[in-house]
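Next come the chains, spelled out residue by residue.
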Amino acid sequence: MNTEIIKIPKINTSNLNEGFLTFIESQHHIPFEIKRVYYTYEVKKDIIRGHHAHKKLKQILICIYGKIEVEVDNGKLKKQHILDNPSEALYLGEGVWHTMKWLKDNSILLVLASDYYNENDYIRNYDEFIEMVKGGYWNENTF
Ligand code: T46
């Protein structure tokens, strides 16, 4: 599966009653150069987004507030990841069908992406995705 949970640095400033600070550096903590950042917010509990895979795009998903379940599917195997820790990131490589389910109202999903927005990189039809998997469009390379 071309996915992995990555621990990212968490600086403890709570001894100063100032909470925590987390940072992410391209190529250091994540395996690509960041070209785009986007976030999804004001989403109600039980909403499911996603339902697509990417041909080439690599992404990092972080729930910076609340709780979101991400289901990943490489056409052979499905896994669920609960994101509820701002210092934990889900790496999502290319060729992974994914859905994100909001488990708490107003959870915020922050995404770091390896490329600019391009609708042609999306596969939004599951049957088409399965055909591409069977046809060997992606190698089983893991991060
Ligand atoms: C993904 C998951 C995790 C843009 O115009 N620019 C952008 O950078 C993005 C991300 C989206 N859009 C447009 C495309 C659609 O018209 O915003 C609309 C909503 O996008 P979508 O329905 O794909 O949103 P999600 O939450 O289902 O998926 C998003 C990303 O699109 C996708 O790449 O992997 O988050």
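Criteria and thresholds
Residues numbered from 1 in each chain as written. Predicted model: local features only at pLDDT ≥ 70, side-chain atom pairs only at ≥ 80, totals over all residues. Heavy atoms only, no water. Helix = DSSP H or I, 4+ residues; strand = E, 2+ residues; numbered from the N terminus. Salt bridge = Lys/Arg side-chain N within 4 Å of Asp/Glu carboxyl O. Buried < 20%, exposed > 50% of the residue type's maximum accessible area, 1.4 Å probe, protein only. Arc of directions from axis to C-beta. Contact = heavy atoms within 4.5 Å. Pairing = 2+ DSSP bridges.

Enquirer: Just to check I follow, could you spell out unusual backbone geometry for this structure?
Expert: The phi angle of most residues is negative, glycine excepted, and most peptide bonds adopt the trans form. Phi angles above zero are rare outside glycine, and Q27 is one such case at about 70°. Of note, Q27 is situated in the loop between strand 3 (20-22) and strand 4 (36-40). The residue N106 is not glycine, and still its phi comes out positive at about 65°. You can see N106 is positioned in the loop between strand 10 (97-102) and strand 11 (108-113).

Enquirer: Would you mind showing me how to read the pattern of salt bridges here?
Expert: Between side chains of opposite charge, a pair can form as their charged atoms come close. By the definition in use, this model includes five salt bridges. Between E88 and K7 there is a salt bridge, and its shortest N-O distance comes to 2.8 Å. You can see E88 sitting in strand 9 (residues 88-92) and its partner K7 sitting in strand 1 (residues 3-7), a full 81 residues away along the chain. Between E94 and K58 there is a salt bridge; the shortest N-O distance is 3.0 Å.

Enquirer: Help me understand helix 1 (residues 126-134) in this model?
Expert: Turn by turn, an α-helix covers 3.6 residues, leaving residues three or four places apart pointing in a common direction. Burial in helix 1 covers these residues: F129, I130, M132 and V133. Here the buried residues of helix 1 occupy an arc of 160° about the axis, which is enough to place them on one side. Along helix 1, the residues that are exposed and aim more than 90 degrees away from the buried face are D127, E131 and K134. Buried-residue contacts for helix 1 involve strand 5 (48-54), strand 7 (68-73), strand 10 and strand 12 (122-123). Directly after helix 1, the chain includes G136, whose backbone phi takes a positive value near 75°.

Enquirer: I tried to follow the sheet that holds strand 7 on my own but got confused; where do I start?
Expert: Backbone hydrogen bonds are what pair the strands of a sheet, in a parallel or an antiparallel way. Read from one edge of the open sheet, five strands run 8-7-10-5-12, paired in antiparallel fashion. The strands lining the two open edges of the sheet, one partner per strand, are strand 8 (78-83) and strand 12. Pairing between strand 7 and strand 8: six bridges, direction antiparallel. Directly across from V72, in strand 8, lies its bridge partner K79.

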